[in-house]
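Chain by chain, the residues:
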Amino acid sequence: MHSWLGVKLAIFLCFILLTGTLAVVSSEIDWLVNPSIRSEPVSNAQDIAWTTIFENSKSQLMAKEASVNAYKIVSINAPLHAGFAASVTVKNPKGERSRLYFNPASGAYQGSGTWFNWQTALRRLHRHLMLPATLGITLVTLTSFLFLGLLLTGLNLYQPWLKTVLKGLVTIPRTNNVRIFFSDLHKLLALWSVWLLFIVSITGVWYLAERWGARATYPENPSALSVEAKSQATMPTNKQLNNMLRSVLTERPDLALRRILFPTKAGEVVLFEGQSNQLLVRDRANNLAFDPVSGQLLSTRRADTLSLHVRISEAADPLHFGTWSGYASKTIYFVFGTFLTLVSITGTYIYALRVSARQKSATASERISTAFSKQGVGATLSLALVIISLFSLFIQGII
């Protein structure tokens with residue numbers, strides 16, 4: 001049963017694990033390839049030059065010979081980690097998004113970047129295979145049941161359970177022959193990363209439930225009150241934004257501001273989002289809403305007042321991607337995610353060795369070819385999904 005669950009869709013399962021592992025560090029990949037993202041660190045959100053960044057964003061848009069009204073500033077985002085620049089998301093008249101990067105301390109412009117970067121590409125590949133969202137998310141999250149089945153059947157192979165598992169955690173792979181080595185390596189990596197497989201599988205099942213009707217209902221943000229903001233998307237003035245920032249600091253001194261969202265449609269408000277003292281919530285769980293014209297505070301949302309259903313939904317992303325403790329948790333997730341990917345690869349290779357046992361002089365590629373042919377429809381389906389995903393990535397991301 002363990003072999004059947006893991007082998008029939010082995011290529012697809014390995015692709016999901018690999019893209020998920022890379023998605024954990026996708027922002028760091030962008031940091032490496034785009035110098036504009038690198039910047040001096042700031043101590044906290046209060047040291048970010050939010051108003052200056054807002055002013056310079058408008059100046060950059062004017063420098064592109066585009067009026068501020070033609071281009072919309074969607075949001076200002078705090079640095080993801082120390083050493084990252086602050087980013088501004090902008091939208092052109094066609095609705096296409098791009099990014100501008102600024103020194104978080106001085107607000108100086110550092111450069112730009114496309115919307116479709118490594119972070120976006122890897123997230124979409126892993127989340128929905130670059131397919132229509134509902135179809136792609138359903139296909140990806142259904143693998144959670146396979147992963148849970150692999151976890152349970154794999155652990156069931158250890159008897160007596162506790163003693164054998166503890167011994168397996170410190171057993172060095174034997175080198176008697178190729179099959180024994182890869183079998184021991186497969187078990188060792190699987191035992192060390194079983195906790196992560198459980199977390200991503202459970203959260204994957206939750207994502208599937210949300211997509212098909214179990215999505216939590218969040219408190220609605222208020223609508224703008226001023227006449228001008230009701231009739232069209234209205235940006236605050238520099239002075240008004242600065243007054244709002246002061247109000248945020250006064251009303252929520254506990255809030256580490258992470259993002260400012262600006263109106264892109266008539267009736268929308270200016271939202272300030274961030275982290276407070278609650279564990280496992282996204283930035284949107286804490287916010288303050290202001291009228292963009294009058295600057296009046298319209299509402300405040302606190303994560304500790306949200307319903308249990310919402311808190312469960314909020315916890316899914318930090319747990320699934322390991323963002324709940326910055327670099328520390330992301331590093332752990334990346335390392336053990338790599339282990340899980342290798343578990344998938346070694347498990348498939350063990351199967352290849354088993355089914356081609358009579359081919360004494362077969363090469364590694366010949367053994368894998370034999371294993372692929374014996375996977376039947378599952379191998380064809382897996383390969384088709386991976387190829388379609390990568391082709392869609394090429395079409396949407398490059399052309």
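Worth saying up front: this structure is predicted, and the values here are computed from it rather than measured.

Undergrad: Before we go on, may I ask you to explain the overall build of the protein in this structure?
TA: Helix and strand counts for the protein come out as 14 helices and eight strands. Sorting the 399 residues of the protein into buried and exposed places 47% on the buried side. Across the protein, every contact between residues at least 6 apart in sequence was considered, and the portion connecting residues at least 24 apart equals 63%. Accessible surface for the protein amounts to roughly 20,100 Å². Of this, 62% is attributable to carbon and sulfur atoms. The centroid of the 37 positive side-chain charges in the protein is displaced by 13 Å from the centroid of its 21 negative side-chain charges.

Undergrad: Even after reading the chapter, I still don't get the pairing of strand S5 (residues 256–261), so can you show me in this structure?
TA: Side-chain direction in a regular strand flips from residue to residue, so the side chains alternate between the two faces of the sheet. Note: strand S1 (residues 72–77) against S5, three bridges, orientation antiparallel. Across the sheet, the residue bridging to Ile-76 is Ile-260, located in S5. Pairing of S5 with strand S6 (residues 270–275) involves five bridges; the strand directions are antiparallel. Counted as the bridge partner of Ile-260 is Phe-272 from S6.

Undergrad: Honestly, the pattern of salt bridges in this entry has me stumped. Any pointers?
TA: Side-chain pairs of opposite charge can arise whenever the charged atoms involved come near each other. Considering all chains together, one arrives at seven salt bridges under this definition. Residue Arg-282 pairs with Asp-317 through a salt bridge whose shortest N-O separation is 3.2 Å. Highlighted residues: Arg-282 in the loop between S6 and strand S7 (286–290) and Asp-317 in helix H11 (residues 308–321), separated in sequence by 35 residues. Taken together, the shared-partner salt bridges connect Arg-282, Arg-284, Glu-314 and Asp-317 into one network.

Undergrad: It is not clear to me how the side chain of Lys-91 should be interpreted in this structure. Could you clarify?
TA: Take Lys-91: it is sitting in strand S2 (residues 86–91). No salt bridge is formed by the buried Lys-91, whose closest oppositely charged neighbour, Glu-268, lies at an N-O distance of 8.1 Å. Aside from chain neighbours lying at most four places away, what touches Lys-91 is Ala-70, Tyr-71, Lys-72, Val-74, Glu-96 and Arg-97.

Undergrad: Got a minute to help me understand the packing of aromatic side chains in this structure?
TA: Aromatic rings considered in pairs are described by the distance between their centres and by the relative angle of their planes. Per the stated rule, a full pass over the model turns up nine aromatic pairs. Through a chain of ring-to-ring contacts, three or more aromatic side chains come together here, namely Trp-195, Tyr-333, Phe-336 and Phe-339. The ring centre of Trp-31 lies 5.4 Å from the NZ or CZ of Arg-38, which sits over that ring. It is Arg-284 that lies over the ring of Tyr-218; its NZ or CZ is 4.3 Å from the centre.

Undergrad: Would you explain the environment of Ile-172 in this entry?
TA: Here Ile-172 shows up in the loop between helix H7 (161–168) and helix H8 (178–214). Residues Ile-172 and Asp-184, spaced 12 residues apart in sequence, show a C-alpha to C-alpha distance of 7.6 Å.

Undergrad: Where do I start with the sheet that holds S5 in this structure?
TA: Two modes of strand pairing occur in sheets, parallel and antiparallel, and in both the strands are linked by backbone hydrogen bonds. Overall, antiparallel pairing links the eight strands, which are arranged S4-S3-S2-S1-S5-S6-S7-S8 in an open sheet. At either margin of the open sheet sits one strand with a lone partner, and together these are strand S4 (109–114) and strand S8 (297–301). When strand polarity is set aside, the average angle formed by the axes of neighbouring strands in this sheet is 20 degrees. Most of the contacts of helix H4 (residues 50–63) go to S1, to which it runs at about 145 degrees, and overall it touches S1, S2, strand S3 (97–102), S4 and S5.

Undergrad: Which parts of the structure should I look at to understand the layout of surface pockets?
TA: Rolled over the atoms, a probe sized like a water molecule indicates the empty space that remains. Roughly 680 Å³ of volume is contained in the second largest pocket. Along the wall of the second largest pocket there are 30 residues; nearest its centre are His-2, Gly-154, His-186, Ala-190 and Val-343. Taken together, the elements giving at least two residues each to the lining of the second largest pocket come down to helix H1 (2–7), helix H2 (10–24), helix H6 (133–156), H8 and helix H12 (326–355). Top contributing element to the lining of the second largest pocket by residue count: H8, with nine residues. The class makeup of the residues in the lining of the second largest pocket is 17 nonpolar, 10 polar and three charged.

Undergrad: How should I be thinking about the packing of H8 against H12 in this particular structure?
TA: A packed helix pair is summarised by two numbers, namely the angle formed by the two axes and the spacing between the axes. At a minimum axis distance of 7 Å, the contact between H8 and H12 shows a crossing angle of 140 degrees. Judged by the inter-axis angle, H8 sits oblique to H12. For the element pair H8 and H12, the recorded crossing hand is left-handed. Looking at the contact of H8 with H12 residue by residue, the class counts come to 20 nonpolar, six polar and two charged.

Rules of the game
Residues numbered from 1 in each chain as written. Predicted model: local features only at pLDDT ≥ 70, side-chain atom pairs only at ≥ 80, totals over all residues. Heavy atoms only, no water. Helix = DSSP H or I, 4+ residues; strand = E, 2+ residues; numbered from the N terminus. Buried < 20%, exposed > 50% of the residue type's maximum accessible area, 1.4 Å probe, protein only. Contact = heavy atoms within 4.5 Å. Areas by Shrake-Rupley, 256 points an atom, 1.4 Å probe, with all protein chains shown as cover. Lys, Arg positive; Asp, Glu negative; His and termini not counted. Charge placed at Lys NZ, Arg CZ, Asp CG, Glu CD. Pairing = 2+ DSSP bridges. Salt bridge = Lys/Arg side-chain N within 4 Å of Asp/Glu carboxyl O. Phe/Tyr/Trp six-rings, centres within 6.5 Å; stacked < 30°, edge-to-face > 60°. Lys NZ or Arg CZ within 6 Å of the ring centre and 35° of its normal. Axes fitted to C-alpha atoms, helices over the stretch in contact; angles between N-to-C directions. 1 Å grid on protein atoms, 1.4 Å probe; cavity = no way out; pocket = protein on both sides within 12 Å on 5 of 7 lines; lining within 4 Å. Points joined across faces, edges and corners; volume = space filled by probe spheres on them. Nonpolar A, V, L, I, M, F, W, Y, C, P; charged D, E, K, R; others polar. Parallel < 35°, antiparallel > 145°, perpendicular 65-115°, else oblique. Left-handed = near helix turned anticlockwise from the far one by under 90°.

Keep in mind these numbers describe shape, not what the thing actually does.
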